[in-house]
Amino acid sequence: MGKLDVSLLRYLSQEDFRVLTAVEMGMKNHEIVPVSLIASIANLKHGGTHKVVRELSKHRLLAFERSKMNQGYRLTNRGYDYLALKVLAQRDIVLSVGNQIGVGKESDIYIVGDTEGEQLAMKIHRLGRTSFRQLKNKRDYHAKRNTVSWIYLSRLAATKEFAYMKALYARGFPVPKPVECNRHCVVMELLQAYPLQQIHELENPGAVYDELMNLILKLANHGLIHGDFNEFNLMVDGNDHVTMIDFPQMMSTSHKNARHYFDRDVKCVRDFFLRRFEYETDEYPQFDVHVQKECSMDKEIAASGFSREDNVEMEKFSDEFRHQIESDSTENQNSGDESGDSEENNANSSPTNLEDALEVHEESAESEEAQNVQDKDQQ
Ligand code: ADP
Ligand code: MG
């Protein structure tokens, strides 16, 4: 597992970040952003966008690309990471990045340090990294261009995860304490716990089994299904208490396949407890018998930043995502799917003006530019 190389972060100037952000904004409508557009969005006081862009691509924050139609730059993973980290640093949330502790196929998880030197966990969503490529060959709708959407999808997944974490935490569910979210990064409490997958002995398997089944039921009675409730997403602490993580695939109990996913979550736990602890019981929750939806958390989730519209967007590829979980459930490899046209990529409320995106409201002298930027972006 690697480190996230953030050494460059402190050396990047305000101009560098203007340009990087300009490319991010350009990518809402362009797969490859021409330098002329970058220059017009960034609107550097003394020009020189060409030089900055070259420098940023030397450091692999941007990548130069040429197609038949045009040429220009696109944001790299690293460039997008830096944009999020810059904001998280400005907000005094993340001051240092340490070791990587988790590798999912669709995410990287790092230990990070805040201002007080407290350790936190940061999950960087990376939808579209691997599995889209495989999917691409199989599905003709992927023949349509869609390389832009990894930014969109990763941001959407992070937004969803953070909103669910906040709503669940507020309701007293055992989830990590949510701290902050920016772009594709979710910062949360660092759990002093291990994935159930690494636990080979439990003092009382029956008690843990009951805790898990009650959790599945409590979720359902709040109108929710986890959808990937397996031994990799259940963290066990020193007292054998469980905290659940990993929420991008969560769904409502009114989803058309709700029973299927509910049963799959239950079966996951049953199978694991039999396999690992030779624990078996006839008692397990059944969707039709035991789920009495007592309340819904839709409002809290929307209030936490994941709107109904976002959900509609996310559901466009979520079934693919959940299906993939099924086919590699033993390896815990999640997957996503690419959605719609890039024109829809505005849905998840990414900032539409440069100053908002940069979070530099102090410099009010530049606020006039912000409007210009927006106008130019529309051209
Ligand atoms: P993925 O979507 O890639 O599966 P997860 O959210 O499940 O990502 O995280 C992957 C792994 O990272 C987990 O199995 C766990 O080992 C570790 N991890 C994730 N979140 C935390 C956390 N808050 N504290 C400690 N470890 C965590
Ligand atoms: Mg996981």
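Above this text is the structure in question.
Quick notes on the rules
In this numbering scheme, every chain counts its residues from 1 along its sequence in written order. Following the order in which they are written, the chains are lettered starting with A and the ligands numbered starting with 1. Confidence filtering applies because this is a predicted model: local features only for residues at pLDDT of at least 70, side-chain atom pairs given and counted only at 80 or more, and all residues used for totals across whole chains, interfaces and linings. As a convention, hydrogens and water are excluded, and side-chain values are obtained from all of the structure's heavy atoms. Helix numbers and strand numbers start at the N terminus; a helix is a DSSP run of H or I with at least 4 residues, a strand a run of E with at least 2. Residue burial is assigned from relative accessible area. The probe radius is 1.4 Å, only protein chains are included, and a residue is buried under 20% of its type maximum, exposed over 50%, and partly exposed in between. Areas reported here follow the Shrake-Rupley algorithm with a probe of radius 1.4 Å; residue values treat only the protein chains shown as occluding. Residue proximity to a molecule or strand is established when one non-hydrogen atom of the residue lies within 4 Å of it. Here a polar contact is taken to be a pair of N or O atoms separated by no more than 3.5 Å, where protein atoms must pair a possible hydrogen donor with a possible acceptor and residues adjacent in sequence count only if both atoms sit in side chains. Only Phe, Tyr and Trp rings are paired, with Trp represented by its six-membered ring, and only when their centres lie within 6.5 Å; those with planes under 30 degrees apart are stacked, over 60 edge-to-face, the remainder tilted. A positively charged side chain is recorded as over a ring if its NZ (Lys) or CZ (Arg) lies within 6 Å of the ring centre. The angle to the ring normal must also be within 35 degrees. The pairing criterion for strands is at least two bridges between them, as found by DSSP. Only the contacting stretch of a helix is used when fitting its axis, a line to C-alpha atoms as for every element, and angles between N-to-C directions run 0 to 180 degrees. Any two residues whose heavy atoms approach within 4.5 Å are treated as being in contact. Residues qualify for a patch when their relative accessible area is over 30% and they have no salt bridge, like charges being joined within 9 Å and the nonpolar side chains of Val, Leu, Ile, Met, Phe, Trp and Tyr within 5 Å. Just to be clear on terms, a salt bridge is a Lys or Arg side-chain nitrogen sitting within 4 Å of an Asp or Glu carboxyl oxygen. The charge count treats Lys and Arg as positive and Asp and Glu as negative. His and the chain ends do not count. For charged residues, the charge sits on one atom: NZ in Lys, CZ in Arg, CG in Asp, CD in Glu. Coordinating N, O and S atoms are those within 2.8 Å of the metal (3.2 Å for Na, K and Ca), and as water is not part of the atoms, a site may appear to have fewer donors than expected. Our angle categories are set so that under 35 degrees counts as roughly parallel, over 145 as roughly antiparallel, 65 to 115 as roughly perpendicular, and the remainder as oblique. By convention, the crossing between two helices is left-handed when the near helix turns anticlockwise from the far helix through less than a right angle, and right-handed when the turn is clockwise. Each residue gets one label: Ala, Val, Leu, Ile, Met, Phe, Trp, Tyr, Cys and Pro are nonpolar, Asp, Glu, Lys and Arg are charged, and the others, such as Gly, are polar. Within this scheme, the nonpolar core is defined by two criteria: the residues are buried Ala, Val, Leu, Ile, Met, Phe, Trp, Tyr or Cys, and they are joined through side-chain atoms within 4.5 Å.

Digging into the overall build of the chain
Argument step 1. Secondary structure assignment for the chain yields 13 helices and twelve strands.
Argument step 2. By residue count, 54% of the 379 residues in the chain fall in the buried class.
Argument step 3. Of the accessible surface of the chain, which amounts to about 18,000 Å², a share of 47% is contributed by carbon and sulfur atoms.

Topic: the site of ligand 1
Argument step 1. Residues in close proximity to ligand 1 total 19 residues, the closest being Ser 107, Ile 109, Lys 123, Glu 189 and Asn 233.
Argument step 2. One nitrogen or oxygen atom from the side chain of Lys 123 is found 2.8 Å from an oxygen atom belonging to ligand 1.
Argument step 3. Relative to its free-state accessible area of 550 Å², ligand 1 is covered by the protein chains to the extent of 91%.
Argument step 4. The set of elements that each furnish at least two residues to the shell around ligand 1 consists of β3 (96-103), β4 (107-113), β5 (119-125) and β7 (185-189).

Examining the packing of aromatic side chains
Argument step 1. Evaluation of the coordinates by the stated rule reveals ten aromatic pairs.
Argument step 2. Both rings, one in Phe 64 and one in Tyr 73, keep their centres 5.3 Å apart while their planes meet at 65°; by these two values the pair is edge-to-face.
Argument step 3. A residue is classified by how much of its surface remains accessible, and Tyr 73, at 8% relative accessible area, is buried.
Argument step 4. An aromatic cluster of at least three residues, connected via ring pairs, comprises Tyr 209, Phe 272, Phe 273, Phe 277 and Tyr 279.
Argument step 5. A cation over an aromatic ring shows up here: Lys 218 above the ring of Phe 173, its NZ or CZ 4.4 Å from the ring centre.

Structural notes on the sheet that holds strand β6 (residues 178-182)
Argument step 1. Here we have five strands laid out as an open sheet, ordered β3-β4-β5-β7-β6, and antiparallel in their pairing. Of all strands in the sheet, those with a lone pairing partner are β3 and β6, marking the two edges. Averaged over all pairs of adjacent strands, the angle between their axes in this sheet comes to 25°, without regard to strand direction.
Argument step 2. Where β6 and β7 come together, four bridges link them in antiparallel fashion. For Pro 178, the partnering residue across the bridge sits in β7 and is Met 188.
Argument step 3. Contacting β3, β5, β6 and β7, helix α4 (residues 77-90) crosses the sheet at an angle of about 130° to β6.
Argument step 4. With respect to the sheet, helix α6 (residues 149-170) is in contact with β5, β6 and β7, its orientation differing from that of β6 by roughly 160°.

Focus: a negative patch on the surface
Argument step 1. A surface patch of like charges, here negative, comprises Asp 210, Glu 280, Asp 282 and Glu 283.
Argument step 2. Structurally, Asp 210 is set in helix α7 (residues 205-221).
Argument step 3. Taking the relative accessible area as the measure of exposure, Asp 210 reaches 40% and is therefore partly exposed.

Observations concerning the coordination of the magnesium ion (ligand 2)
Argument step 1. Protein-derived coordination of the magnesium ion (ligand 2) comes from Asn 233 (OD1) and Asp 246 (OD), at a distance range of 2.1 to 2.2 Å. Within this pair, whereas Asn 233 is found in the loop between β9 (224-225) and β10 (234-236), its partner Asp 246 is found in the loop between β11 (242-244) and β12 (251-252), the two being separated by 13 residues in sequence. Side by side, Asn 233 and Asp 246 carry an identical accessibility label, which is buried.

Describing the sheet that holds β10
Each strand in a sheet pairs with another by means of backbone hydrogen bonds, the pair being arranged parallel or else antiparallel.
Argument step 1. Taken in spatial order, the three strands make up an open sheet running β8-β10-β11, and their pairing is antiparallel. Edge positions in the sheet fall to β8 (194-195) and β11, since each has one partner strand and no second.
Argument step 2. Here β8 pairs with β10 via two bridges, running antiparallel. Its bridge partner being in β10, Pro 195 is matched across the sheet by Met 235.
Argument step 3. Against the sheet, α7 makes contact with β10 and β11, and its axis sits at roughly 35° relative to β11, the strand it touches most.

Re the packing of helix α1 (residues 14-26) against α4
Argument step 1. Contact pair α1 / α4: the axes reach a minimum separation of 10 Å and the direction vectors enclose 120°. With respect to each other, α1 and α4 are oriented oblique. The crossing of α1 and α4 is left-handed. Residues Gln 14, Phe 17, Leu 20, Thr 21 and Glu 24 of α1 lie in contact with α4, whose contacting residues are Gly 79, Tyr 80, Tyr 82, Leu 83 and Lys 86.
Argument step 2. Residues belonging to the contact of α1 with α4 are distributed by class as follows: five nonpolar, three polar and two charged.

Points about the nonpolar core
Argument step 1. Membership of the largest hydrophobic core comes to 59 residues, with the highest contact counts inside it found for Leu 168, Leu 196, Leu 212, Met 244 and Phe 273.
Argument step 2. Listing elements by their share of this core, those giving two or more residues are α6, β7, α7, β9, β10, β11, α8 (258-277) and α11 (308-327).
Argument step 3. With eleven residues, the single largest contributor to this core is α6.
Argument step 4. Val 23, Leu 61, Tyr 73 and Tyr 82 belong to the second largest nonpolar core, which has 44 residues in total.

What to know about the pairing of β4
On a regular strand, each side chain points to the face opposite its neighbour's, so the side chains alternate between the two faces of the sheet.
Argument step 1. Burial analysis of β4 places seven of its seven residues in the buried class, which makes it a mostly covered element.
Argument step 2. Here β4 shows no split at all, with Ser 107, Ile 109, Ile 111 and Gly 113 on one side and Asp 108, Tyr 110 and Val 112 on the other all buried.
Argument step 3. By the bridge criterion, five bridges tie β3 to β4 in an arrangement that is antiparallel. By the bridge assignment for β4, Gln 100 is matched with Tyr 110.
Argument step 4. Taking the residues that link successive antiparallel strands as the turn, the β3-β4 hairpin has three residues.
Argument step 5. Two elements, β4 and β5, share seven bridges in a ladder whose sense is antiparallel. Looking at β5, one finds that Gly 113 is bridged to Gln 119.
Argument step 6. Here β4 folds back onto β5, and the loop between the two strands holds five residues, one of which, Gly 117, carries a positive phi near 80°.

Take it as geometry only, folks, not as evidence of what the structure does.
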